[in-house]
Amino acid sequence: MGASPMLEYAFFEGRIVPFADAKISVGTHAVQYGTGAFAGIRGYLDADGETINIFRLPEHAARLLNSAKLLRATLPFTRETLARTIVDLVEKNAPTGDVYIRPFVYKSSVQLTPRLTGLDNELAVYMLQLGDYLDTAAGVKAAVSSWQRVADNAIPGRGKLSGAYINSALAKDEAEEKGADEAILLDQHGHVAEGSGCNLFLVRDGALVTAPITGDILEGITRRTMIQFARDEGIPVEERDIDRSELYIVDEAFFCGTGVQIAPITSIDGRPVGDGIPGPITLKIREIFFDTVRGRNPDYAHFLTKVRAKVASAAD
Ligand code: PMP
């Protein structure tokens, strides 16, 4: 096993502590019932080698507080103080390269009733080094899942609610056991929703197509970014219901998300997507994305919160 990718410090119960000390009881409500909500945020080493670019931090902070609302969790944080807490932790850890930041809101009481009210809530944040999660270059194979995407009226998928990730885990296992890399989940009406941990875009006749935010998907921050990049490039975007059979005739397809970044899809259920290689619109959007996060695209510099990195020395 290689060195732990975990960075040294975490935010826990109101202060920064060594990650090893950020521990909770096995009886914690969130552990027993999945009554937590989380965020996943990437920090990229800028092309200058001296700065960590946290991608769309205010949007992630806002979405986490919305997820907390779904959990009826009141926290002593505003969007601004939550974002500040995350920046402080990044500064304290002084990363030398790309990181993934995981804030976690959870029902911290040790209590037996599965409910949302009358329980304590806490915020924890930890971070790790992270490279690609799916292949962003050659692309990935996708498989339509037999597991239905969790419906809004069952567990709201627009929040990043911990318990709902059992749905993702079931679908991910099934996809991998079929020899694919990632799942495509359909909603209760048979419409295409998203991946197990990412949103999905298709390209049909030069337009980007993706499920609407009322389609049992997570309101992805990368998804929102893709839509903006496409519109700015003059590429039409359709947010609409997608039939399963459209997956088999599209010109291009890709997954996107904080962990996934942009992963071209080369086949779906064993059928090649387009020519079976990443297509031109996918490649264009991927290029804008990576230029942006590495600090090379001034048009989208406002998506980045900049923190000083620790410059790796020869002795490190
Ligand atoms: N859908 C699901 C189920 C996810 O877990 C994620 C990852 N957060 C996404 C979509 C992508 O969302 P974002 O771009 O905000 O990371």
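Draft legend 1. Just the overall build of the protein, in detail. Assigned secondary structure in the protein consists of 6 helices and 17 strands. Computed over C-alpha atoms, the radius of gyration of the protein comes to 20 Å, within 12% of the 20 Å expected from 2.2 N^0.38 for 316 residues, which places it in the range of a compact globule. In terms of overall dimensions, the protein has C-alpha extents of about 50 × 50 × 40 Å along its principal axes. Residues counted as buried form 53% of the 316 residues belonging to the protein. For the protein, the proportion of contacts with a sequence separation of at least 24, taken over those separated by at least 6, is 70%. Summed over all atoms, the accessible surface of the protein reaches about 14,300 Å², with 51% contributed by carbon and sulfur. The protein carries 33 positive and 42 negative side-chain charges, and their two centres are separated by 4 Å.

Draft legend 2. Quick peek at empty space enclosed by the protein. If you walk through the whole model with that rule in mind, you get 2 cavities of 30 Å³ or more. Lining the largest cavity, in full, are Arg42, Tyr44, Phe55, His60, Thr222, Gly257, Thr258 and Phe289. Residues belonging to the lining of the largest cavity are distributed by class as follows: 3 nonpolar, 4 polar and 1 charged. Each of domain 1 (9-129) and domain 2 (140-278) accounts for three or more of the residues forming the lining of the largest cavity. Considering only enclosed or pocket space, the second largest cavity measures out at about 40 Å³ in volume.

Draft legend 3. View of the packing of aromatic side chains. In the structure shown here, the tally under the stated rule is 11 aromatic pairs. Relative to Phe289, the ring of Phe55 lies with its centre 5.6 Å away and its plane at 80°, an arrangement referred to as edge-to-face. Here Phe55, found in strand β5 (residues 51-55), pairs with Phe289, found in helix α6 (residues 280-293); they are 234 residues apart in sequence, far enough to count as distant. There is no split in this pair, since Phe55 and Phe289 are both buried.

Draft legend 4. Seen up close, helix α4 (residues 165-177). Counted at 1.5 Å a residue, the expected span for α4 with its 13 residues is 18 Å, and the 18 Å between its end C-alpha atoms agrees. Those residues of α4 not exposed but buried are Asn167, Ser168, Ala171, Lys172, Glu174 and Ala175. Looking down the long axis of α4, one finds its buried residues gathered within 165° of arc, a one-sided arrangement. In α4, the exposed positions angled more than 90 degrees off the buried face are occupied by Ile166 and Glu177.

Draft legend 5. Highlighting the domain arrangement of the protein. Structurally, the protein comprises domain 1 (9-129) and domain 2 (140-278). Computed from C-alpha atoms alone, the centre-to-centre distance between domain 1 and domain 2 is 26 Å. A buried area of about 1,500 Å², summed over both sides, lies between domain 1 and domain 2, and 59% of it is on carbon and sulfur atoms. Three residues stand out in domain 1 for area buried against domain 2, namely Phe38, Arg56 and Arg63, and they jointly supply 39% of the buried area on that side. Our enumeration of links across domain 1 and domain 2 arrives at 0 salt bridges. Here domain 1 and domain 2 share 10 residue pairs in polar contact (both at pLDDT 80 or more) between them. Those elements that place two or more of their residues in the side of domain 1 that touches domain 2 are β3 (36-38), β4 (41-45), α2 (57-70) and β6 (99-107). In terms of residue count, α2 provides more of the side of domain 1 that touches domain 2 than any other element does, 5 residues in total. By residue class, the composition of the side of domain 1 that touches domain 2 is 10 nonpolar, 5 polar and 4 charged.

Draft legend 6. Region of the structure containing the site of the ligand. Looking at the ligand, there are 14 residues lining it, with Arg63, Lys160, Tyr165, Thr222 and Thr258 nearest. Between the ligand and Thr222 there is a distance of 2.5 Å, counted from an oxygen atom to a side-chain nitrogen or oxygen. Side-chain polar atom of Thr258 to an oxygen atom of the ligand: 2.6 Å apart, as the coordinates give it. Taking a 2 Å distance to the grid points as the criterion, the majority of the atoms of the ligand fall inside the largest pocket. Grouping the constituent residues of the shell around the ligand by class yields 4 nonpolar, 7 polar and 3 charged.

Scoring rules and cut-offs
- Residues numbered from 1 in each chain as written.
- Predicted model: local features only at pLDDT ≥ 70, side-chain atom pairs only at ≥ 80, totals over all residues.
- Heavy atoms only, no water.
- Helix = DSSP H or I, 4+ residues; strand = E, 2+ residues; numbered from the N terminus.
- Rg over C-alpha atoms; globule rule 2.2 N^0.38 Å.
- Buried < 20%, exposed > 50% of the residue type's maximum accessible area, 1.4 Å probe, protein only.
- Contact = heavy atoms within 4.5 Å.
- Areas by Shrake-Rupley, 256 points an atom, 1.4 Å probe, with all protein chains shown as cover.
- Lys, Arg positive; Asp, Glu negative; His and termini not counted.
- Charge placed at Lys NZ, Arg CZ, Asp CG, Glu CD.
- 1 Å grid on protein atoms, 1.4 Å probe; cavity = no way out; pocket = protein on both sides within 12 Å on 5 of 7 lines; lining within 4 Å.
- Points joined across faces, edges and corners; volume = space filled by probe spheres on them.
- Nonpolar A, V, L, I, M, F, W, Y, C, P; charged D, E, K, R; others polar.
- Domains from an automatic or database assignment.
- Phe/Tyr/Trp six-rings, centres within 6.5 Å; stacked < 30°, edge-to-face > 60°.
- Expected span 1.5 Å × (residues − 1).
- Arc of directions from axis to C-beta.
- Buried area = accessible area lost by both parts, 1.4 Å probe.
- Salt bridge = Lys/Arg side-chain N within 4 Å of Asp/Glu carboxyl O.
- Polar contact = N/O pair within 3.5 Å; in protein donor to acceptor, adjacent residues only side chain to side chain.
- Near = heavy atom within 4 Å.
- Sits in = over half its atoms within 2 Å of the grid points.

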